[in-house]
Amino acid sequence: QTKWETFVFAIVCIIFLTIITKINRRFKLLIPGPLIVIVSNTIVSAMLKLPVTRLAVVGNIPTGLPAPSVPAFDEVEVSTYIGGAISVALIGYMETISIGKQFARINNYKIDPNQELIAIGASNVVGSFFSGYSICVSFSRTAINAAAGAQTNMTKFVSALVVVLSLYVLTPLLYW
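A few points on the structure. (Residues numbered from 1 in each chain as written. Predicted model: local features only at pLDDT ≥ 70, side-chain atom pairs only at ≥ 80, totals over all residues. Heavy atoms only, no water.)

### Structural notes on the packing of aromatic side chains
Here a ring pair, both rings aromatic, is described through the centre-centre distance and the interplanar angle of the planes. Throughout the structure, instances matching the rule amount to two aromatic pairs. Look at Trp-4 and Phe-7: their rings are 5.5 Å apart centre to centre, the planes differ by 85°, and that puts the pair in the edge-to-face class. Pair noted here: Trp-4 and Phe-7 are both in helix H1 (residues 4-27), with a separation of three residues, about one helical turn. Among the residues examined, Phe-7 registers a relative accessible area of 41% and is labelled partly exposed. Aromatic side chains Phe-103 and Phe-139 sit 6.2 Å apart centroid to centroid with 50° between the ring planes, which places their arrangement in the tilted category. Here Phe-139 lies in helix H5 (residues 139-148) and Phe-103 lies in helix H3 (residues 75-107), a separation of 36 residues in the sequence. (Phe/Tyr/Trp six-rings, centres within 6.5 Å; stacked < 30°, edge-to-face > 60°. Helix = DSSP H or I, 4+ residues; strand = E, 2+ residues; numbered from the N terminus. Buried < 20%, exposed > 50% of the residue type's maximum accessible area, 1.4 Å probe, protein only.)

Below you can see the structure in the form of C-alpha cells.
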C-alpha cells in the first residue's frame with residue numbers, strides 16, 4: 001500500500017540531501033541542505049495544495065504551549081507502563097552521563113552525576129505538568145553547540161526561546 005507520490009517525493013529529497021552533503025564536503029561549504037528541503041517542500045506543498053492530491057501533509061498544529069495540568073494517575077496505566085518508564089529513565093540518564101563525560105573530557109571540566117540526576121528528575125517532573133516528553137541529553141544539539149563554539153548556558157536559553165517563538169509564530173506555516 002505504498003503511496004508512490006510520497007515515495008518519489010521522499011527519494012528526490014534524499015538524493016538532494018546526498019548531493020548537498022557531497023558538495024559541502026568537496027568544496028568545504030556549509031549549505032544547510034535539510035533546511036532547504038524543509039522550506040522548499042513547505043512552499044511547494046502550499047502552492048500546489050498537496051492535501052488535495054495524494055501527498056499527505058502534517059495538518060493543523062496547535063499554537064502555543066499547552067496549559068499546565070496535574071497528570072492523571074490510573075493504577076492500571078501505571079502498572080502497565082512502569083517497566084518501560086524505568087527503562088527510558090535509565091537509558092536517558094546513562095546517555096546524559098556518557099555524553100556529558102565525553103564533552104567534559106574534551107573541554108576540560110568535570111560533571112557531577114548526582115547533580116545531573118537531580119536536574120533530569122526535576123525537569124521531568126515539571127515537564128509532566130505540561131504534557132512533555134521524557135527529558136534527557138540531546139547529542140546533536142550538544143555537538144552543534146560545541147562546533148559553534150558555545151561556552152555558556154545562554155545558548156540553551158536562546159534555543160528554548162526559538163522553540164517557544166516557533167510554537168507561537170510558525171505553527172500555522174507547519175500545516176504544509
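### Things to note about the layout of surface pockets
Taking a probe equal in size to a water molecule and rolling it over the atoms shows the remaining empty space. By volume, the largest pocket amounts to about 1,300 Å³. If you trace the largest pocket, you find 30 residues lining it, with Glu-116, Val-137, Thr-142, Asn-153 and Lys-156 closest to the centre. Secondary structure elements with two or more residues in the lining of the largest pocket: H3, helix H4 (113-128), H5 and helix H6 (154-170). Counting residues per element, the lining of the largest pocket draws most heavily on H3, at six residues. In the lining of the largest pocket, the residues fall into 14 nonpolar, 13 polar and three charged. Reported here for the second largest pocket is a volume of approximately 690 Å³. Lining the second largest pocket are 23 residues, with Phe-73, Ala-85, Asn-124, Ser-128 and Ser-134 positioned closest to its centre. Those elements that place two or more of their residues in the lining of the second largest pocket are H3 and H4. Here the element with the most residues in the lining of the second largest pocket is H3; it accounts for 10 residues. Considering only residue class, the lining of the second largest pocket consists of 15 nonpolar, six polar and two charged. (1 Å grid on protein atoms, 1.4 Å probe; cavity = no way out; pocket = protein on both sides within 12 Å on 5 of 7 lines; lining within 4 Å. Points joined across faces, edges and corners; volume = space filled by probe spheres on them. Nonpolar A, V, L, I, M, F, W, Y, C, P; charged D, E, K, R; others polar.)

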